[in-house]
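One-letter residues, chain by chain:
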Amino acid sequence: MKQQADLLITNARQICTIPTHNGGPQRGHALGDLGLIEHGAVAIRDGLIAATGTTAAIESTYTATKVIDAAGRLITPGLVDPHTHLVWAGDRAAEFERRIAGATYQEIMAEGGGIAHTTRATRAASLDELIRAALPRLDTALAHGTTTIEIKSGYGLETAAEIKMLDAIVALASKRPVRIVPTFLGAHAFPAEYIDDPDGYVWLVVEEMLPAVAAWRAERWPGDLFCDVFCETGAFSLAQTRRILQAAQQMGLKLKIHVDEFDNLGGARLGVELGAVSLDHLDVTSDEEIALIGGSDTVAVSLPTTPFGLGASHYPPAHKLLDAGAILALATDCNPGPAWTENMQFVLALATRYHRLTPAQALVACTLNAAWAVNMGRYVGSLQPGYVADLVIWEPGDYRELGYHFGVNLVEQVIIGGQIVHPEGVIFQN
Ligand code: NIG
Ligand code: FE
């Protein structure tokens, strides 16, 4: 007798199952193991992957009430975007124009633009306005194949406005079936009122914001909560970063750090020492620190959209990270400054060209390894049996078209937890 499934997806030309390695991510040059099945099918039960195999094998083993004919298309796990600043208010188009004319990101930041600009608008926005502004961005991410997304606060920079941002992030999670990971980034920049008292702001983050965030979490968010710091010249020093992250860790938050985007302050070494889940940017990380990351379980998240968005030519040293044995992941960094894209397919296009990752390596870095960057790699990012049934049916049949054919949306259907969420759009709330 055949086994019962809820949903079968049959007749895929290729399925990239993205196997775990020893139950974990794909490290170093082992990156790019697709677990490719030709003429494949997927069986889904209770929102989880029950089995993958050839269509002939799955059809002879399973029966289901609902069957989707993938008709020669490609199936991969849903994309995971482990670093975004998706919630913001206001508009920085004028800054883009200035940067194109030659102003640098740091110059604009020093003049009170950049993050400070977005902070003024975000403080002034109501919770509802923030949610309304972010929802279309989340829908764009979903429509482009993102099924799990990390979203940071960090444009409030005062306790109430940071909590308002976390409330907006949680509200998004209730309105869309996408899996959301919240991050507290109170240490994103010094707000105008603390420009002359940076240590006073660090005190506020540690003594007022973090306790408020811990209380918020106890009431509002049962899952993981991350704490991130922008460790950078003009933002938070190494000592300030350490103080904030150690306090956050004591409160049970998991750690991420923005490190080495412009200057190397030693944040990567600190992140490895503290057991951060991920270190993000890594544009100017030293060889010594790359070796440390490679020997650790901290995920290296490259954000090629940032140099691209800044019109820069220096990209993070992805191959050195692989040589060192690091766990490499990719993300959009979606934000209103240098990197406004919700589209992980565009990240794949950049990573193949500027990191010289093969399409297979880039795909794993956008799925399984990205799930590890948000501590979800045990159940998200692969199509192994028991993993959540989050997957994308792509219009092309060959995985190498991801990244190769760029600037257009190649998604045909998005499925989360075994439910079609795009384009049909069930279980959406306004
Ligand atoms: O990751 N580097 C700090 N934060 C963002 C930029 C945020 C902004 O400019 O609004 C980033 O690049
Ligand atoms: Fe960022």
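Residues numbered from 1 in each chain as written. Chains lettered and ligands numbered in written order. Predicted model: local features only at pLDDT ≥ 70, side-chain atom pairs only at ≥ 80, totals over all residues. Heavy atoms only, no water.

Caption draft 1: View of the packing of helix α8 (residues 238-250) against helix α9 (residues 267-274). Viewed as axis vectors pointing N to C, α8 and α9 meet at an angle of 20 degrees, and their least axial separation amounts to 11 Å. Compared by their axis directions, α8 and α9 come out roughly parallel. As α8 runs across α9, the sense of the crossing is right-handed. Across the interface between the two elements, L238, T241, R242, L245, Q246 and Q249 of α8 pack against G267, L270, E273 and L274 of α9. For the contact of α8 with α9, the per-class residue count stands at 4 nonpolar, 4 polar and 2 charged. (Axes fitted to C-alpha atoms, helices over the stretch in contact; angles between N-to-C directions. Helix = DSSP H or I, 4+ residues; strand = E, 2+ residues; numbered from the N terminus. Parallel < 35°, antiparallel > 145°, perpendicular 65-115°, else oblique. Left-handed = near helix turned anticlockwise from the far one by under 90°. Contact = heavy atoms within 4.5 Å. Nonpolar A, V, L, I, M, F, W, Y, C, P; charged D, E, K, R; others polar.)

Caption draft 2: Layout of the nonpolar core. The biggest cluster of nonpolar side chains holds 120 residues, and the ones touching the most others in it are V87, L172, C227, F236 and I244. Of the residues forming this core, the biggest block, 9 residues, is contributed by helix α7 (residues 198-220). Sequence-distant contacts of C227, defined by excluding residues within four places in its chain, comprise T183, F184, L210, I244, L245, A248, L253, K254, L255 and K256. Counting residues in each nonpolar core, the second largest holds 17 residues, with I9, I44, A70 and I415 among its members. (Core = buried A, V, L, I, M, F, W, Y, C linked by side-chain atoms within 4.5 Å. Buried < 20%, exposed > 50% of the residue type's maximum accessible area, 1.4 Å probe, protein only.)

Caption draft 3: The site of ligand 1, seen in detail. The environment of ligand 1 is made up of 16 residues, and the closest members are R92, Y105, Y155, H188 and E261. Between ligand 1 and R92 there is a distance of 2.8 Å, counted from an oxygen atom to a side-chain nitrogen or oxygen. A distance of 3.1 Å separates an oxygen atom of ligand 1 from a polar atom in the side chain of H258. Burial of ligand 1 by the surrounding chains reaches 100%, relative to a free accessible area of 330 Å². (Near = heavy atom within 4 Å. Polar contact = N/O pair within 3.5 Å; in protein donor to acceptor, adjacent residues only side chain to side chain. Areas by Shrake-Rupley, 256 points an atom, 1.4 Å probe, with all protein chains shown as cover.)

Caption draft 4: Region of the structure containing the coordination of the iron ion (ligand 2). Protein coordination of the iron ion (ligand 2) is provided by H83 (NE2), H85 (NE2), H258 (NE2) and D333 (OD), with donor distances spanning 2.1 to 2.3 Å. Summarised as a motif, the one-chain spacing of the donors to the iron ion (ligand 2) is H-x1-H-x172-H-x74-D. Taken together, the residues H258 in strand β10 (residues 254-259) and D333 in the loop between β13 (327-330) and α13 (344-354) connect sequence positions 75 residues apart. This pair shows no difference in class: H258 is buried, exactly as D333 is. (Donors = N, O, S within 2.8 Å, 3.2 Å for Na, K, Ca; no water.)

Caption draft 5: Main features of the packing of aromatic side chains. Overall, the coordinates contain 8 aromatic pairs when judged by the stated rule. Each ring, one from W88 and one from W340, has its centre 5.2 Å from the other, and the planes form 85 degrees; the classification is edge-to-face. Placement of the pair is W88 in the loop between β6 (79-81) and α2 (93-100) and W340 in the loop between β13 and α13, with a sequence separation of 252 residues. When its relative accessible area of 54% is taken as the criterion, W340 is described as exposed. A ring pair is formed by Y194 and Y201, whose centres lie 5.5 Å apart and whose planes are at 55 degrees; its orientation type is tilted. Taken together, the ring pairs in this structure connect F190, Y194, Y201 and F236 into an aromatic cluster. Sitting over the face of the ring of F226, K256 holds its NZ or CZ atom 4.9 Å from the ring centroid. (Phe/Tyr/Trp six-rings, centres within 6.5 Å; stacked < 30°, edge-to-face > 60°. Lys NZ or Arg CZ within 6 Å of the ring centre and 35° of its normal.)

Caption draft 6: Highlighting the pattern of salt bridges. Throughout the structure, instances matching the rule amount to 18 salt bridges. With a closest N to O distance of 3.6 Å, E412 and R73 form a salt bridge. Of this pair, E412 sits in strand β15 (residues 411-416) while R73 is found in the loop between β4 (62-69) and β5 (74-77), placing the two residues 339 residues apart along the sequence. What makes R73 partly exposed here is its relative accessible area of 23%. (Salt bridge = Lys/Arg side-chain N within 4 Å of Asp/Glu carboxyl O.)

Caption draft 7: Structural view of the environment of D297. Topologically, D297 is positioned in the loop between α10 (287-294) and β12 (299-302). With 140 residues separating them in the primary sequence, D297 and L157 have C-alpha atoms 30 Å apart. Leaving out residues up to four positions away in the same chain, D297 has contacts with R27, V277 and I327. A polar contact is formed between the side chain of D297 and the side chain of R27, at a distance of 3.1 Å.

Caption draft 8: Looking closely at α10. Residues of α10 that are buried: E289, I290, I293 and G294. Mapping the buried residues of α10 onto a view down its axis gives an arc of 145 degrees, with all of them on the same face. The secondary structure elements touched by the buried residues of α10 are α9, β11 (278-281), β12 and α12 (318-323). (Arc of directions from axis to C-beta.)

Caption draft 9: Molecular detail of the side chain of T298. By the secondary structure assignment, T298 is in the loop between α10 and β12. Side-chain polar atoms of T298 contact the backbone oxygen of A276, separated by 2.7 Å. Residues contacting T298, with those up to four places away along its chain left out, are G271, V272, G275, A276, V277, S278, L279 and I293.

Caption draft 10: Highlighting the pairing of strand β9 (residues 226-231). With 6 of 6 residues buried, β9 is to be regarded as a mostly interior element. Burial along β9 is two-sided: the face carrying F226, D228 and F230 and the face carrying C227, V229 and C231 are both buried. Taken together, the 3 bridges between strand β8 (residues 179-187) and β9 define a ladder with parallel strand orientation. Across the sheet, A187 pairs through a bridge with V229, a residue of β9. Once the chain exits β8 it traverses α7 before rejoining the sheet at β9, and the crossover so formed is right-handed. (Pairing = 2+ DSSP bridges. Right-handed = clockwise from strand over helix to strand, strands pointing away.)

Caption draft 11: Structural detail: the environment of L172. Considering the arrangement of structural elements, one finds L172 in helix α6 (residues 159-175). Judged by its relative accessible area of 0%, L172 falls in the buried class. When the C-alpha atoms of L172 and T159 are compared, they prove to be 20 Å apart, with 13 residues separating the residues in sequence. When neighbours within four sequence positions are excluded, L172 is seen to be in contact with V87, I131, A134, L135, L138, I151 and I180.

Caption draft 12: Examining the packing of helix α5 (residues 127-143) against α6 more closely. Closest axis-to-axis distance for the α5/α6 pair is 9 Å, and the angle between their directions is 50 degrees. Here α6 runs oblique to α5, going by the angle between their axes. The interaxial crossing formed by α5 with α6 has right-handed handedness. Contacts between α5 and α6 pair L127, L130, I131, R132, A134, L135 and L138 from the former with K164, M165, D167, A168, A171, L172 and K175 from the latter. Of the residues assigned to the contact of α5 with α6, the class counts are 10 nonpolar, no polar and 4 charged.

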